[in-house]
Amino acid sequence: MKDLKNLDISTAKDYLLKKEVSSLELTNFFIERIEESKLNCFITHTFDDAIEKAKESDKKISSNEEIGILEGIPIGMKDLFCTKGIRTTAGSKILENFIPFYESTVSKNLLNDGAIILGKTNMDEFAMGSANTTSFFGNVINPLKSNQENNKNLVPGGSSGGSASSVAANLCMAATGSDTGGSIRQPASFCGLVGLKPSYGRCSRFGMIAFASSLDQAGPITKTVKDAAIMLQSMSSYDEKDSTSSRKPIPRYLDFLNFNLKGKKIGLPTEYKVEGLNSEIVEVWEDTINFFKKNGAEIINISLPHTSFALPTYYIIAPAEASANLARYDGVKYGFREKSDDLQDMYECTRAKGFGDEVKRRLMIGTYVLSAGYYDAYYLKALKVRQLISNDFKSAFEKCDLILTPTTPNVAFPIGEKQKDPIEMYLNDVLTVPASLAGLPAISVTGGKNKNNLPIGMQVIGRPFEEISVLAAGKLIEDCRGF
Amino acid sequence: MSIDNKTVRKVSKLAKIRINEQEEIKLIEELNNILGWVDELKKVDTEKIEPMLSVFNESMVMRKDEVYSEISDDLVLKNAPESKSGFFVVPKVVE
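No experiment lies behind these values; they were computed from the predicted model shown.

Cut-offs and rules
Residues numbered from 1 in each chain as written. Chains lettered and ligands numbered in written order. Predicted model: local features only at pLDDT ≥ 70, side-chain atom pairs only at ≥ 80, totals over all residues. Heavy atoms only, no water. Helix = DSSP H or I, 4+ residues; strand = E, 2+ residues; numbered from the N terminus. Buried < 20%, exposed > 50% of the residue type's maximum accessible area, 1.4 Å probe, protein only. Contact = heavy atoms within 4.5 Å. Expected span 1.5 Å × (residues − 1). Arc of directions from axis to C-beta. 1 Å grid on protein atoms, 1.4 Å probe; cavity = no way out; pocket = protein on both sides within 12 Å on 5 of 7 lines; lining within 4 Å. Points joined across faces, edges and corners; volume = space filled by probe spheres on them. Nonpolar A, V, L, I, M, F, W, Y, C, P; charged D, E, K, R; others polar. Buried area = accessible area lost by both parts, 1.4 Å probe. Salt bridge = Lys/Arg side-chain N within 4 Å of Asp/Glu carboxyl O. Polar contact = N/O pair within 3.5 Å; in protein donor to acceptor, adjacent residues only side chain to side chain. Axes fitted to C-alpha atoms, helices over the stretch in contact; angles between N-to-C directions. Parallel < 35°, antiparallel > 145°, perpendicular 65-115°, else oblique. Left-handed = near helix turned anticlockwise from the far one by under 90°.

## Considering the environment of K475(A)
Residues and elements named next belong to chain A.
Then, in step 1: In this structure, K475 sits in helix α15 (residues 467-480).
Then, in step 2: On the basis of relative accessible area, K475 is assigned to the partly exposed category, the value being 22%.
Then, in step 3: C-alpha separation for the pair K475 and A188, spaced 287 residues apart in sequence, amounts to 15 Å.
Then, in step 4: Other than its neighbours up to four places away in sequence, K475 contacts V225, F256 and L257.

Listed below in structure tokens is the structure:
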């Protein structure tokens, strides 16, 4: 019997093609694991569909028909991607019973390439959160445990917490995520996985439930860098249904395997040595720098002077865009409605009961910063600082080819911590938000572990649409870390 | 700039989110904290800087304005909390 549990996509594809394992076996194996799991990774299961699709994949493979790059591979789909005929909730009560009648472009691409969707993964409500504790469907538990903290349950990170946790617990082979300020990279880091946020515009946003449209970007969460390349290949496309979808040619992402990092300049931003950056993370950062040195890369110090302003900028722009995007949830066209005889009353009570506390808080901030009298002082100001942050990266990339930083200032923390003060939770994203504001591709790969055996993620940021070099740098970290 | 109960009430009206007195007190504190924190941005000199609306710098193209009906009215109304004879139903707004 093959070890199906720890399989990565590349190996599984090999087994499937050699007919050593069928997609149906693989799918049933993961279904069984999901049914036994108590991590609350999934909001909705789609097992019947998955079994049907797996049988179709097996038929295609056995009759030597043309097959997709993910033919027969069971994955998880973040519950932010609309799936035709399958409930899509965005982790919110307001969409508890919403059944889309169309397919998001990202999920359509994956299905066309033969992927088997096992279910919709849990997430922070409307992707607003960094610990997966804001979901209406309950928090997700990280399968990893600290060997010190008396077996306390840890957060998987967020917002793509269900996706990360399910991959880390071997409940599926890979999963989709979405990243607005760190929602792919941070949970990947907390769960010891690879998380890739591609350049803004690389994956279509059509059918992705919108949070902050100028920042939202889909990407994969996987066990290996190679798997991330395979998933991204399928997820990427030009899409006329998304006006910010890029028409730049899509490379063969697996070509990253031939990309040579020798002589490439790796920039270390001085400003990322932020206050509160855990010393064990600094150590892993230093080890990782040495991996690059040993492999012929040149290490240089760079400056991104506006780094400390990125998080406040983000917490104006993202809530502002959210307040506009979430105006559609009014209890009329779809979703939850609180009954009332008065229209205004119906709107206000529907939104009061349908949204959770964090979402309401951000909608209030967003509404405030866009309101008459405050627009210039907050929103317009933030847009200008965003330009400066983007300019910082542009100048930095004239001196270096890639930027290497930690992904998070701390490792996964126990469920229930950092809940009192919203800002304390926001600080989780201090190292991931700048690349989001600049729309740059960035990957998180585990670089090492702390003394309690918890993973520490390293982030590599690249120039726009240079996912290949970002993947190559990620692979170097994966190869050098020694586990 | 500090937020008082009047402002919180006004913003909750604009955001169309009903809040009770307890939530109001909590929101005053939280919003003041968050806005105090983002006030950090005032330190940045942005006088000659243009606002950045998007990182997307490719020209946008119009898609063909074609009528197609891949989705039926029934399907659209299926998710509505209340519908009748092909319409969404809302509480009465005219006397």
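## Points about helix α2 (residues 23-36) of chain A
It helps to recall that an α-helix has 3.6 residues per turn; residues three or four apart then point in one direction.
Residue and element names in this part refer to chain A.
Then, in step 1: Taking 1.5 Å of rise per residue, 14 residues should cover 20 Å, and α2 covers 20 Å from first to last C-alpha, within 8% of that figure.
Then, in step 2: S23, L26, T27, F30, I31 and I34 are the residues of α2 that are buried. Projection of α2 onto a plane perpendicular to its axis shows the buried side chains occupying an angular sector of 135°, all on one side. Seen from the buried face of α2, the exposed residues on the opposite side, beyond 90 degrees, are E32, E35 and E36.
Then, in step 3: In this fold, the buried residues of α2 make contact with α1 (9-17), β1 (42-45), α3 (47-62), β2 (74-78) and β3 (116-121).

## Comments concerning empty space enclosed by the protein
Residue and element names in this part refer to chain A.
Then, in step 1: For the structure on display, the rule yields 2 cavities of 30 Å³ or more.
Then, in step 2: Taken as a whole, the largest cavity spans an internal volume of roughly 70 Å³.
Then, in step 3: If you trace the largest cavity, you find 13 residues lining it, with A127, G129, S183, Y314 and D429 closest to the centre.
Then, in step 4: Estimates place the volume of the second largest cavity at around 40 Å³.
Then, in step 5: Per-element tally for the lining of the second largest cavity: the top contributor is helix α12 (residues 375-399), with 3 residues.
Then, in step 6: Across the lining of the second largest cavity, the residue classes break down as 5 nonpolar, no polar and 3 charged.

## Looking at the interface of chain B and chain A
Then, in step 1: Between chain B and chain A, the contact holds 57 residues from the first and 69 residues from the second.
Then, in step 2: Together chain B and chain A conceal approximately 5,700 Å² of surface at their shared face, both sides included; 68% is due to carbon and sulfur atoms.
Then, in step 3: The interface formed by chain B and chain A contains 7 salt bridges.
Then, in step 4: At the junction of chain B and chain A, the tally comes to 18 residue pairs in polar contact (both at pLDDT 80 or more).

## Describing the packing of helix α11 (residues 357-370) of chain A against helix α2 (residues 21-38) of chain B
Then, in step 1: α2(B) packs onto α11(A) with a crossing angle of 60° between their chain directions and a minimal axis gap of 11 Å. As far as their axial angle goes, α2(B) and α11(A) are oblique. Crossing of α11(A) against α2(B): the hand is right-handed. Along its contact with α11(A), which presents D357(A), K360(A), R361(A), M364(A), I365(A), Y368(A) and V369(A), the element α2(B) presents E23(B), K26(B), L27(B), E30(B), L31(B), I34(B) and L35(B).
Then, in step 2: A per-class count over the contact of α11(A) with α2(B) returns 8 nonpolar, no polar and 6 charged.

## Quick look at helix α5 (residues 161-168) of chain A
Residue and element names in this part refer to chain A.
Then, in step 1: The element α5 is largely enclosed, with a buried count of 7 among its 8 residues.
Then, in step 2: Among the residues making up α5, those that are buried are G161, G162, S163, A164, S165, S166 and V167.
Then, in step 3: On its buried face, α5 sits against β1, β2, β3, β4 (174-179), α6 (185-190) and β6 (217-222).
Then, in step 4: Directly beyond the C-terminal end of α5, a positive phi value near 55° is found at N170.

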